[in-house]
Amino acid sequence: MPPTDPERYAVVSCHVERPLDDRVWSAFAAFQERRHGGLAIAALIRPPDASAGEVDEDRWLERARDAAAHGPLGHHTHFTSPTHARPTGGPTGERVRREGAWLRERGLEPSLFCGGGWYTDASVAEACAALGYVDVTPRTTRPPYLPDGAAWAELDGPARIDLDGSKLAAVPTTHGAGDLVRALVRPRALPNRVHAYFHDTDLVDPRRRRLIALGLALLGRRRPPSDLDALAATLDDTLLLRWDDIARESPTDGAVGSQT
C-alpha cells in the first residue's frame, strides 16, 4: 500500500455489534477477509456485556483476535445495553475506560474508538485520549435520526483535539453504505476524504451485502485505498482544535434513541 495522503483517501470501518451471533459473525469474517476495493476493514467491536447474558468470553476473544489479524481493531461502546447504543444514565467516560482496560487486560490493543449512536462528550473524549485511541465518532454531517438536543461531534477532516492538557486524534466518519453509493453515482458528490462505515448485521441480508461490496469496490477505484491505522499515522499537531469547536448540542439531552 502506498503512503497515505491525509487529504485524499478511502478508509472503511464496520461496527461489529454482535460478535457472539454465529450467523452475523460468519458473514462479517468472510466479508472482512475479501477486502473489497483493496480496503482493509477496521473492526470496531463491542465488548461483551455479562449483565445481558454475553458470558462466552473465550469465543468473543477468539473472534476479536481474528478480526485484528485482518485489519485495524477498534473499541465500540454501547452505553446502555447491547441493543441500546446511546446512554440513558451513568458515567459515560468511566464506561469507556473500564471497557478499554478489560480489552487490554486480555491482550488486545485496539487503536480506534467509536461511540454507539455517535454519542460522545468531553469525558468520553478524555477517556479515549487516555487509552491512546483515535476517535472516529465525529461525523462530517449530523446523523438525521438523532433527536433534538442529542450530543454528537462534528469534524470536517482528520484533526487533533486539545482536551486541556491531553490531545485526542480524530478521523471523522463520512458515509453510511447507502450514502456512499449515492455519492459514487453522482458527479463530483464524492469528497476527497472518505471514511465509510456499515454494521455487521447489514451483511446477513444478501441484498445489503451486495450493495456494500459494490460501494467499496467502486470507492477503491475512485479514491486511494488505505486503512484507519495508516491514516492515523499521518496525523500531527498542525490542525489543532478545542473540544468546544467540535462538540454539538447537549451531552445528556440526547440520551434517547438506540440507533447505532
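Structure first, text after, so check above.
These notes cover the structure that comes with them. In this text, all values refer to a predicted model and were calculated from it rather than measured experimentally. (Residues numbered from 1 in each chain as written. Predicted model: local features only at pLDDT ≥ 70, side-chain atom pairs only at ≥ 80, totals over all residues. Heavy atoms only, no water.)

## Some thoughts on the overall build of the protein
Across its full length, the protein holds eight helices and 11 strands. Taken along its principal axes, the extent of the C-alpha atoms in the protein is 45 × 40 × 35 Å. Taken over 260 residues, the protein has a buried fraction of 55%. Excluding contacts between residues fewer than 6 apart, the proportion of contacts in the protein whose partners are at least 24 apart in sequence is 77%. (Helix = DSSP H or I, 4+ residues; strand = E, 2+ residues; numbered from the N terminus. Buried < 20%, exposed > 50% of the residue type's maximum accessible area, 1.4 Å probe, protein only. Contact = heavy atoms within 4.5 Å.)

## Quick look at the pattern of salt bridges
For the structure shown, the criterion picks out 15 salt bridges. For the salt bridge of Glu57 with Arg106, the shortest nitrogen-to-oxygen distance reads 2.8 Å. With a gap of 49 residues between them, Glu57 in helix H2 (residues 57–68) and Arg106 in the loop between helix H3 (92–105) and strand S4 (112–115) connect regions that are remote in the sequence. Here Glu57 falls in the partly exposed class, since its relative accessible area comes to 30%. Here Arg106 falls in the partly exposed class, since its relative accessible area comes to 23%. Note that Asp179 and Arg182 form a salt bridge whose closest N and O atoms lie 2.7 Å from each other. On the criterion of helical spacing, the pair formed by Asp179 and Arg182 is a turn pair, its members being three residues apart in helix H5 (residues 177–185). Classification of Arg182 as partly exposed rests on a relative accessible area of 49%. (Salt bridge = Lys/Arg side-chain N within 4 Å of Asp/Glu carboxyl O.)

## Details of the sheet that holds strand S7 (residues 159–162)
The sheet built from nine strands is open, its strands ordered S9-S1-S2-S3-S4-S5-S8-S7-S10 with mixed pairing. With partners counted over all chains shown, the strands left at the sheet margins are strand S9 (193–199) and strand S10 (240–242), one partner each. Alignment of S7 against S10, held across three bridges, turns out to be parallel. Residue pairing in the sheet places Arg160 in a bridge with Leu240 of S10. The strands touched by H3 within the sheet are strand S3 (73–77) and S4, with S3 carrying the most contacts at an inclination of about 140 degrees. (Pairing = 2+ DSSP bridges. Axes fitted to C-alpha atoms, helices over the stretch in contact; angles between N-to-C directions.)

## Things to note about the pairing of strand S8 (residues 167–170)
For a regular strand, side-chain orientation follows a simple rule: the groups alternate between the two sheet faces. Where strand S5 (residues 134–135) meets S8, two bridges bridge the pair, whose relative direction is parallel. For Asp135, the partnering residue across the bridge sits in S8 and is Ala170. Taken together, the four bridges between S7 and S8 define a ladder with antiparallel strand orientation. Each residue of the ladder has a partner; that of Asp162, found in S8, is Lys167.

## Side note on the packing of H5 against helix H6 (residues 206–222)
Packing of H5 against H6 brings their axes to within 9 Å, and their N-to-C directions diverge by 45 degrees. Looking at the two axes, H5 sits oblique to H6. Crossing hand, H5 versus H6: left-handed. Across the interface between the two elements, Ala177, Gly178, Leu180, Val181 and Leu184 of H5 pack against Arg208, Leu211, Ile212, Gly215, Leu216, Leu218, Leu219 and Arg222 of H6. (Parallel < 35°, antiparallel > 145°, perpendicular 65-115°, else oblique. Left-handed = near helix turned anticlockwise from the far one by under 90°.)

## Structural notes on the packing of H3 against helix H4 (residues 122–131)
It is the contact of H3 with H4, at a shortest axis distance of 7 Å, that shows an interaxial angle of 25 degrees. It follows that H3 is roughly parallel to H4 by the angle criterion. Between H3 and H4 lies a crossing whose hand is right-handed. Residues Thr92, Gly93, Val96, Arg97, Gly100, Ala101 and Arg104 of H3 lie in contact with H4, whose contacting residues are Ser123, Val124, Glu126, Ala127, Ala130 and Leu131.

## Section: the nonpolar core
Ranked by size, the top nonpolar core spans 56 residues in total, and within it Phe28, Trp60, Phe198 and Leu216 carry the most contacts. Among the elements that line this core, the one with the most residues is H4, at six residues. For Phe28, the residues in contact, after removing those within four places along its chain, are Cys14, Val16, Ile41, Ala43, Ala67, Asp200 and Leu203. By size, the runner-up hydrophobic cluster in this structure holds 16 residues, among which are Ala42, Leu44, Ala169 and Tyr197. (Core = buried A, V, L, I, M, F, W, Y, C linked by side-chain atoms within 4.5 Å.)

## Observations concerning H4
Listed in full, the buried residues belonging to H4 are Val124, Ala125, Ala127, Cys128, Ala129 and Leu131. Along its buried surface, H4 packs onto H3, S4, S8 and helix H8 (243–246). Just downstream of H4 lies Gly132, where phi reads positive at about 75 degrees.

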